[in-house]
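Structural characterization, general
Next come the chains, spelled out residue by residue.
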Amino acid sequence: MLAVAVAAAASAAAADPHSVAVRISSWGPRPAASDREARAHGLMERVFHTAGLRVGVQEFRVPGHGRSRNVIGVYDTPRTCLRIVMAHTDSAPGAPGANDNASGLAVVAALAGRLSRIDPRCDVWLVATGAEERVYTGSPDHLGALALARRARSHGARRRLQWALSLDEVGRDRPFWLRSPASAVRPTVERALLDAGSRGHVPLRWVRDESSGNSDHREFELLGLPAAKLGVGAGGEPCRHMACDRPSRLDPKSLTLARRMTAAALRAH
Ligand SMILES: [Zn+2]
């Protein structure tokens, strides 16, 4: 009975990204390799299981801090092409991380239960990554994304991966920006994602990264795999990595638009 109740709660919660983002960020800061990061990963694992996805946990070291992980939910289709949607689970120490990045996690959770309705064109990996915040890990790389990109490469990503999309700070300040380090819009990456925005009536524009990028998409691109980030727009995130990044600042409408855009991108031919 308890298992049924927990599963029902996980499935009801996952349907509403705002309630998931509020819940995760109300626990407090989730630095890489902390107990709270693990708790948020546990929630995502339950959501993926409830959604009927094949779940894998990829552990890795966070030097000087302990261990973290990527929680991966796989949705198989008859096709071999692959699309990845990821969001980082950790926050900076001292920051409840509502927009950065319980918002992205909550959209991933909301997508999990909708995949059969979305009817994705390609195989999908939904991923709650760990240890993204370099201000805390001190690593030059987003460690979870680095492990994930290598795993994707060992699963044929050079041939199969159409794009990996990092959802990072999608809880307020729209219109969103789509960001990538590419020198121009690529037809099968940025163009495909911008078109999904248009089809979902989600205002969106592409802005090139200043350097190699500041979210999980960076490690894919550095390995030569196509990736981009959907996130905060022109207003930026004044509470990034700060105590004021609280649940009360989240805008349910922004979360819904991020979910709708990503669903359209997964469905696209
Ligand atoms: Zn972030």
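As shown above, the structure is provided for reference.
This write-up is about the structure you can find in this document. Owing to the predicted nature of the structure, the values given are computational and were not obtained by experimental measurement.

1. What about the pairing of strand S6 (residues 176–180)?
With five of five residues buried, S6 lies mostly within the body of the structure. Burial of the side chains of S6 extends over both faces: Phe176, Leu178 and Ser180 are buried on one face and Trp177 and Arg179 on the other. Relative to strand S7 (residues 204–208), S6 is paired through five bridges, and the arrangement is parallel. For Trp177, the partnering residue across the bridge sits in S7 and is Arg205. One crossover worth recording links S6 to the parallel S7 by way of helix H9 (residues 187–199), and it is right-handed. Where S6 meets strand S8 (residues 227–231), three bridges bridge the pair, whose relative direction is antiparallel. Across the sheet, Leu178 pairs through a bridge with Leu230, a residue of S8.

2. Re the side chain of Asn99
Mapping Asn99 onto the fold places it in helix H4 (residues 98–112). Only 3.5 Å separates the side chain of Asn99 from the backbone nitrogen of Val170, close enough to count as a polar contact. Residues contacting Asn99, with those up to four places away along its chain left out, are Glu169, Val170, Gly171, Arg172, Glu237, Asp245 and Leu250.

3. Some points on the coordination of the zinc ion
At this site the zinc ion is bound by His88 (NE2), Asp100 (OD), Asp168 (OD) and Asp168 (OD), with donor distances of 1.9 to 2.7 Å. One can describe the donor arrangement at the zinc ion as irregular, given that its four donor atoms subtend angles of 52 to 149° at the metal. All donor residues of the zinc ion come from one chain, and their arrangement in sequence is H-x11-D-x67-D. One end of the pair, His88, is in strand S3 (residues 82–88); the other, Asp100, is in helix H4, and twelve residues separate them in sequence. For the residue pair His88 and Asp100, the accessibility class agrees, reading buried in each case.

4. Brief notes about the pattern of salt bridges
Enumeration according to the criterion identifies 16 salt bridges in this entry. Measuring nitrogen to oxygen at the nearest pair gives 3.3 Å for the salt bridge that ties Asp195 to Arg191. Residue Asp195 and its partner Arg191 are located together in helix H9, separated by four residues, close to a single helical turn. The partly exposed category is assigned to Arg191, whose relative accessible area is 38%. Within the structure, one salt-bridge network assembled from shared partners comprises Arg172, Glu237, Asp245 and Arg249.

5. What to know about the nonpolar core
Of all hydrophobic cores here, the largest spans 51 residues; its most connected members are Phe48, Leu126, Leu165 and Leu230. Excluding its chain neighbours within four sequence positions, the residues that come into contact with Phe48 are Leu53, Val55, Val71, Ile72, Gly73, Val108, Ala112, Leu126 and Val127. In terms of nonpolar packing, the next biggest core, distinct from the first, is built from 17 residues, Leu82, Leu148, Ala149 and Leu225 among them.

6. Focus: unusual backbone geometry
Following Asp100, the chain continues into Asn101 via a peptide bond in cis, with omega recorded as 10°. The omega torsion across Arg174 and Pro175 is -5°, close enough to zero to call that bond cis. Of note, Pro175 is situated in the loop between strand S5 (161–168) and S6. The phi dihedral of Ala131 is positive, around 50°, even though this residue is not glycine. By the element assignment, Ala131 lies in the loop between strand S4 (123–129) and helix H6 (134–137). A positive phi angle, near 55°, is found at His201, a position not held by glycine. Within the secondary structure layout, His201 lies in the loop between H9 and S7.

7. Topic: helix H7 (residues 143–154)
Between the first and last C-alpha of H7 there are 17 Å, a value that for twelve residues agrees with the 16 Å anticipated at 1.5 Å per step. Taken together, the buried positions of H7 are occupied by Leu143, Gly144, Ala145, Leu146, Ala147, Leu148, Ala149 and Ala152. Positive backbone phi, at 80°, marks Gly156, one or two positions downstream of H7.

8. Here we look at the environment of Glu210
Along the polypeptide, Glu210 turns up in the loop between S7 and helix H10 (217–222). Between the C-alpha atoms of Glu210 and Pro181, which are 29 residues apart in sequence, the distance is 7.4 Å. In terms of polar contacts, Glu210 uses its side chain to reach the side chain of Arg179, at 3.5 Å.

About the criteria used
- The residue numbering used here restarts from 1 in each chain and proceeds along that chain's sequence as written.
- Thresholds applied to this predicted model are a pLDDT of at least 70 for local features of residues and 80 or more for the giving and counting of side-chain atom pairs; totals over whole chains, interfaces and linings are not thresholded and use all residues.
- As a convention, hydrogens and water are excluded, and side-chain values are obtained from all of the structure's heavy atoms.
- For every residue, the accessible area (1.4 Å probe, protein chains only) is compared with the maximum for its type, and the residue is labelled buried under 20%, exposed over 50%, or partly exposed between those bounds.
- Helix and strand assignments come from DSSP, with helices taken as H or I runs of at least 4 residues and strands as E runs of at least 2, each series counted from the N terminus.
- Here a strand pair is declared whenever DSSP counts at least two bridges between the two strands.
- Whether a crossover is right-handed comes down to one check: with the strands pointing away from the viewer, does the path from the first strand over the helix to the second run clockwise; if it does, it is right-handed.
- For the purposes of these results, a polar contact is taken to be a pair of N or O atoms within 3.5 Å, where, inside protein, one atom must be able to donate a hydrogen and its partner to accept one; residues adjacent in sequence count only when each atom of the pair is a side-chain atom.
- A contact between two residues is defined here by any heavy atoms of the two lying within 4.5 Å.
- Distances decide who is a donor: an N, O or S atom must be within 2.8 Å of the metal, or within 3.2 Å for Na, K and Ca. Water is not included, so sites may look incomplete.
- Irregular is the label for any site that misses the other tests, which are tetrahedral for four donors with all angles between 85 and 135 degrees, and square planar for four donors or octahedral for six when opposite donors exceed 155 degrees and the remaining angles lie between 65 and 115.
- When a carboxyl oxygen of Asp or Glu is within 4 Å of a side-chain nitrogen of Lys or Arg, the pair counts as a salt bridge.
- Within this scheme, the nonpolar core is defined by two criteria: the residues are buried Ala, Val, Leu, Ile, Met, Phe, Trp, Tyr or Cys, and they are joined through side-chain atoms within 4.5 Å.
- Expected helix span is given by 1.5 Å per residue-to-residue step, counting one fewer step than there are residues.

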